[in-house]
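# A closer look at the structure
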Amino acid sequence: MKREYYKWFSKNLGRDMELLVFGHAGDPVLFFPTRTARFYDYEDWQVIDAMRKKIEAGAIQVYCLDSIDKESFYAKDLHPAQRICRHLEYEKYVLYEVLQLVQQNNPHPTVIAAGCSLGAFHAANLAFKYPLLFHKMVGLSGRYDLTTSMEYFDDLFDGYRDENIYYNMPGQFIPNLTDRQLISELKSMEIIFVVGEKDVFLENNKLISNALWGKGIWNALHLWDGESHKARYWRHMVQLYL
């Protein structure tokens, strides 16, 4: 299995960023890390190895991104408005730097956005805002509204709200979506949610799935036994849904 390491100074983030690429051909997959995790964690957790056959066959090429969650959503020393602005800088890094690398390595008209836990949020938020760039979104064990407080998980903006937060919470902007063009573009995307039946994010997944259906946007919600919010479950999920 081909494995490549990249590191460069991001002009959008003002710091070095790293990532790993697995595979030589196939659908490019932007694989976002879990909460505050690193670009090498999916490899360490054997999630990449679970996709080895697809990767070696040239069906998919996986880009394991790094996170800056500790500088954005989990930077409690920053005002919430600054946290979401830092996240938007990360978004620009993905859109204008990572996707440029993808096009250089493996030109495709569209790519797949995927992730586990908070990575699922990153994947959904980006894909739902820019659906022309993506033909598929896979969210595993995700939370799609980071302002919701629930067991063990806080409102990441401490009750503060502004337009940047609203328009970057799929669980908020999707139910109110009226833009016909955007809805039409989302209808062309394959959207898959996977979550455990006892996962604390279950209701959050049901809400966004139902909100999409309410706009006539096809999506699949797959429920797994138990909590299913660990790498050993994700290793099976990626084989089925990526």
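Above this note sits the structure.
Quick look at the structure, then. Please read these numbers as outputs of a predicted model, since none were measured by experiment.

## What to know about unusual backbone geometry
Phi is positive for Thr36, which is not a glycine, with a value near 55°. With respect to the secondary-structure elements, Thr36 resides in the loop between β3 (27-32) and α1 (41-44). The phi angle at Asp158 is positive, at roughly 55°, despite the residue not being glycine. Structurally, Asp158 can be placed in the loop between β6 (134-140) and α6 (163-166).

## Examining the sheet that holds strand β4 (residues 60-65)
If you walk across this open sheet you meet the eight strands as β1-β2-β4-β3-β5-β6-β7-β8, and the pairing is mixed. Two strands bound the open sheet, and with one partner strand each, they are β1 (3-10) and β8 (220-224). Each adjacent strand pair in this sheet contributes to an overall mean axis angle of 20°, direction not counted. Here strand β5 (residues 111-116) runs beside β6; their pairing, made up of six bridges, is parallel. Residue pairing across strands places Val111 opposite Phe134, the latter belonging to β6. Sitting on the sheet, helix α4 (residues 80-105) touches β1, β2 (15-22), β3, β4 and β5, and the angle it makes with β1 is about 135°. Across the sheet, helix α9 (residues 202-214) lies against β7 (190-196) and β8, angled at about 160° from β7, the strand it touches most.

## A word on the pairing of β5
Burial analysis of β5 places six of its six residues in the buried class, the great majority of the element. With burial as the criterion, each face of β5 is covered, one bearing Val111, Ala113 and Gly115 and the other bearing Ile112, Ala114 and Cys116. Handedness of the β-α-β unit built from β5, helix α5 (residues 118-129) and β6 comes out right-handed.

## Considering empty space enclosed by the protein
Under the counting rule described, the total for this entry stands at two cavities of 30 Å³ or more. As a volume, the largest cavity reaches approximately 60 Å³. Together, Arg35, Tyr74, Ser117, Leu118, Arg143, Leu146, Phe153 and Phe201 line the largest cavity. Across the lining of the largest cavity, the residue classes break down as five nonpolar, one polar and two charged. As a volume, the second largest cavity reaches approximately 50 Å³. Along its surface, the second largest cavity is lined by Phe32, His87, Tyr90, Glu91, Val94, His122, Asn125 and Leu126.

## Observations regarding the side chain of Asn168
Relative to the elements of secondary structure, Asn168 occurs in the loop between α6 and α7 (170-173). Polar side-chain contacts of Asn168 include one of 2.7 Å to the backbone oxygen of Asn164.

## Examining the pattern of salt bridges
Tallied over the entire structure, the rule returns 15 salt bridges. Note that Arg38 and Glu18 form a salt bridge whose closest N and O atoms lie 3.3 Å from each other. Here Glu18 lies in strand β2 and Arg38 lies in the loop between β3 and α1, a separation of 20 residues in the sequence. Arg38 gets classed as partly exposed once you look at its relative accessible area, which sits at 29%. Here Asp158 and Arg83 are joined by a salt bridge, their closest N and O atoms 2.8 Å apart. Of this pair, Asp158 sits in the loop between β6 and α6 while Arg83 sits in helix α4; the two residues are 75 residues apart in sequence, bridging distant segments of the chain. Accessibility expressed as a relative area gives 2% for Arg83, which makes it buried. Bridged by salt links that share partners, the residues Arg15, Glu71, Arg86 and Glu89 form one connected network.

Criteria and thresholds
- Residues numbered from 1 in each chain as written.
- Predicted model: local features only at pLDDT ≥ 70, side-chain atom pairs only at ≥ 80, totals over all residues.
- Heavy atoms only, no water.
- Helix = DSSP H or I, 4+ residues; strand = E, 2+ residues; numbered from the N terminus.
- Pairing = 2+ DSSP bridges.
- Axes fitted to C-alpha atoms, helices over the stretch in contact; angles between N-to-C directions.
- Contact = heavy atoms within 4.5 Å.
- Buried < 20%, exposed > 50% of the residue type's maximum accessible area, 1.4 Å probe, protein only.
- Right-handed = clockwise from strand over helix to strand, strands pointing away.
- 1 Å grid on protein atoms, 1.4 Å probe; cavity = no way out; pocket = protein on both sides within 12 Å on 5 of 7 lines; lining within 4 Å.
- Points joined across faces, edges and corners; volume = space filled by probe spheres on them.
- Nonpolar A, V, L, I, M, F, W, Y, C, P; charged D, E, K, R; others polar.
- Polar contact = N/O pair within 3.5 Å; in protein donor to acceptor, adjacent residues only side chain to side chain.
- Salt bridge = Lys/Arg side-chain N within 4 Å of Asp/Glu carboxyl O.

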